[in-house]
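Chain and residue survey
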Amino acid sequence: MTPAANSIHGMWSTRLAFILAASGSAVGLGNIWRFPYTAGEYGGGAFVLIYILCVALIGVPIMMAEIMLGRRGRQSPINTMRTLAEQEGLSGRWQLLGWMGILSGFLILSFYSVIAGWTLAYVFRAAAGAFSGIDASGAEGLFGALVGDAERLLAWHTIFMVLVVGVVARGVASGLEKAVRYLMPALFVLLLIMVLYAASTGNFNAAFAYLFAPDFAELKGHAGEAILSAMGQAFFSLSLGMGAIMIYGSYLKRDASIAQNTLIVAGMDTLVALLAGLAIFPIVFANGLAPDSGPGLIFQTLPIAFGDMPAGALFGTLFFVLLVFAAWTSAISLLEPLTAWLVENLGFSRVRAAVLGGVTVWLLGIVCLLSLNLWSDVTLFGKGFLDLFDFLTANVLLPLGGILIAVFAGWLLARASSVDELDLGEGLAYRFWRLLIRYLAPLAVTLVFLNALGVLKFFGLG
Ligand code: PHE
């Protein structure tokens, strides 16, 4: 059977549109909020090095595989996996991979929207001049007051979900594409300005050494956990393992090069994360803050910089506005797989599908935001709900999705199909991809899991 030429949901108008949308999905809170504080929790350089290796050796081949499967199936991840499995004479149960992705998307978006809500709140704080002359303890107080207030968090979370549903309801070309065209380049420029500022006023040398001079002694005692977190961060940041990139691939035209697009998107994503680190850690060190202060890190450091620089209210407002946009373009891709499935299988209109998905996520988000205040002593496996959803998705579900994608693309899909779809010929580049996707990616992810569970240690191997 020849693969479908188009998706019923629409198509990206140009190759640039795909690159912008896929990097819109990849670049988000994961890069600017999650990467710096996770790197900080594991002591910097060694984590960063492992992270970059995970992106290059596991993330890139899996992203290529996801785009490839999406483009061959041209439907929501659930139906794509079912169709492709049937074409290869395999069990229709492979659609479970799509269902697992829907679950991951739900869980991620529910806490993602709460954090995006913090960002929205900070837009208004910056604009109102709340940062002017603020010191470290003032910034901490400001952050604590927001996170402790369930009603405010609910209001911001609600506003953010309305924004997300609004774009998804409009569909691929008119909604998704338009949103990313100007916002991504603007974010990039602003981040560069922040790095320059941090370099000129903060402790840039200390930050640079912290991020790029790996000190493996930092990992002593929790190396397994650090490696799992670095790998999880790679999946999270590249939007892999849950069908977001797969469905974006399903709107990609046949003549676009998957390998080239993947390298551009993964490269940009990594660059933005590193720039975020270089913008934040100089301020952390110059103000004697703790790099391992957790999820509040950027909200407790950047306001100090904005409060101190000339025209800081303007730059601060702009920065948080752009971060909201980055979160928005990622959140859209989290809701898209489910929306497409509801349209395909239940015959919903796009609007109805997006609203139903959005309301469900919104409800789950309330559980997350309450875990920061009123329910702060309710824990499961020693974590509050927000932390639990974050851990479960980034460190377990997404990598698990990644293993299954790698096995399907590398072992089960006919070789001729991947040769045809990747269009690299059968030379070195293709063979290298195939080596990574068949052996390295699934094995590495499995070993990281076993290592974190302590299984390797049990057998004297870890
Ligand atoms: N990649 C996004 C970020 O870094 C989050 C995301 C994860 C989006 C999974 C889609 C799928 O912010």
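Provided above is the structure to which this section pertains.
What this report covers is the structure whose coordinates are included nearby. Residue positions are given per chain, counted from 1 along the sequence in the order it is written. With pLDDT at 70 or above as the cut-off, local features in this predicted model cover only qualifying residues; side-chain atom pairs require 80 or more to be listed or tallied, and sums for whole chains, interfaces and linings still use all residues. Heavy atoms from the whole structure form the basis of all side-chain values; hydrogens and water molecules are not counted.

Before going further, it helps to spend a moment on helix α7 (residues 150-170). Residues spaced three or four apart along an α-helix point in a common direction, a consequence of the helix completing one turn every 3.6 residues. Each helix corresponds to a stretch of at least 4 residues labelled H or I by DSSP, and each strand to a stretch of at least 2 residues labelled E; elements are numbered beginning at the N terminus. Each helix should span, by expectation, one fewer than its residue count multiplied by 1.5 Å. For α7, which comprises 21 residues, the first-to-last C-alpha distance of 31 Å matches the rise-based estimate of 30 Å (1.5 Å per residue) to within 8%. Working definition: with a 1.4 Å probe on protein chains only, accessible area under 20% of the residue-type maximum means buried, over 50% means exposed, and in between means partly exposed. When α7 is considered as a whole, its buried residues turn out to be A150, L153, W156, H157, F160, M161, V164, V165, V167, V168 and A169. Counting of polar contacts relies on pairs of N or O atoms within 3.5 Å, with two restrictions inside protein: one atom must be capable of donating a hydrogen and the other of accepting it, and residues adjacent in sequence are counted only when both atoms are side-chain atoms. Taking the backbone nitrogen of E151 as reference, a side-chain oxygen 3.2 Å away marks D149 as the first, capping residue of α7.

The pairing test for Phe, Tyr and Trp rings, Trp by its six-membered ring, is centres within 6.5 Å, and the orientation test on the planes gives stacked under 30 degrees, edge-to-face over 60, and tilted for anything in between. The final tally for this structure, using the stated rule, is 31 aromatic pairs. In textbook terms, an aromatic cluster arises when at least three aromatic residues are bridged by ring pairs, as seen for W118, Y122, F131, F143, F299, F306, F319 and F320. Counting as a charge over the ring demands two things of the Lys NZ or Arg CZ atom: a distance within 6 Å of the ring centre and an angle within 35 degrees of the ring normal. The ring of W411 is capped by R438, whose NZ or CZ atom sits 3.8 Å from the centre of that ring.

Below, the discussion takes up the nonpolar core. A general feature of soluble globular proteins is that nonpolar side chains tend to end up buried together. Core analysis: the largest hydrophobic core is formed by 164 residues, its most contacted members being W118 and F319. Beyond its immediate stretch of four places on either side in the chain, F319 contacts I32, L190, L191, M194, L302 and F306. Core analysis: the second largest hydrophobic core is formed by eight residues, I102, W341, L342 and A353 among them. As used in this record, nonpolar core signifies buried Ala, Val, Leu, Ile, Met, Phe, Trp, Tyr and Cys residues forming a set joined through side-chain atoms within 4.5 Å. Contacts between residues were defined by any pair of non-hydrogen atoms, one from each residue, lying within 4.5 Å.

Mapping S418 onto the fold places it in helix α17 (residues 415-422). For S418, a relative accessible area of 0% puts it in the buried group. Apart from residues no more than four positions distant in its own chain, S418 is found in contact with M68, L413, D423, Y430, W433 and R434.

This brings us to the site of the ligand. Whether a residue is near a molecule or strand is decided by its heavy atoms; if any one of them lies within 4 Å of it, the residue is near. Near the ligand lie 15 residues; those nearest to it are A26, G30, Y112, F236 and S239. Within the backbone of S25, one N or O atom sits 3.1 Å away from a nitrogen atom of the ligand. A distance of 3.4 Å separates an oxygen atom of the ligand from a polar atom in the side chain of N31. The fraction of the free accessible surface of the ligand (320 Å²) that becomes covered by protein chains is 100%. Elements with a minimum of two residues in the shell around the ligand: α1 (15-26), α2 (29-41), α10 (223-237) and α14 (312-346). Each accessible area is a Shrake-Rupley result for a 1.4 Å probe, and residues are judged covered by the shown protein chains and nothing else.

As a further point, take the environment of P399. Mapped onto the elements of the fold, P399 is located in helix α16 (residues 385-412). The sequence separation of P399 and V448 amounts to 49 residues, and the corresponding C-alpha distance is 9.8 Å. Residue contacts for P399: discarding those within four places in its chain leaves M231, F235, T393, A394, V445 and F449.

When charged atoms on two side chains of opposite charge get close, those side chains can pair. A pair is scored as a salt bridge if a Lys or Arg side-chain nitrogen falls within 4 Å of a carboxyl oxygen belonging to Asp or Glu. A full pass over the atoms with the stated rule returns ten salt bridges. The residue R71 makes a salt bridge to E421 at a minimum N-O spacing of 2.7 Å. Pair noted here: R71 is in helix α3 (residues 45-73) and E421 is in helix α17, with a separation of 350 residues, a long-range link. Classification of R71 as buried rests on a relative accessible area of 2%. Classification of E421 by relative accessible area gives buried; the value is 1%. Its salt-bridge partner being R350, residue E336 comes within 2.7 Å of it at the nearest N-O pair. Here E336 is found in helix α14, whereas its partner R350 is found in helix α15 (residues 350-370), with 14 residues between them in sequence. Of the two residues examined, E336 and R350, each falls in the buried class. Salt bridges linked by common partners bring R71, R72, R254, D420 and E421 together as one network.

A separate point is the packing of α10 against α16. Here, axes are lines fitted to C-alpha atoms. For helices the fit covers the stretch in contact, and angles between N-to-C directions go from 0 to 180 degrees. It is the contact of α10 with α16, at a shortest axis distance of 8 Å, that shows an interaxial angle of 75°. Taken together, the axes of α10 and α16 lie roughly perpendicular to each other. When α10 is examined against α16, the residues L228, S229, M231, G232, F235 and F236 are found in contact with a partner set consisting of F391, A394, N395, L398, P399 and G402. Ten residue types, Ala, Val, Leu, Ile, Met, Phe, Trp, Tyr, Cys and Pro, are classed as nonpolar, four, Asp, Glu, Lys and Arg, as charged, and the remainder, Gly among them, as polar. Within the contact of α10 with α16, the residues separate by chemical class into eight nonpolar, four polar and no charged. Oblique is the label for any angle not under 35 degrees, not over 145, and not in the 65 to 115 range, which are roughly parallel, roughly antiparallel and roughly perpendicular in turn.

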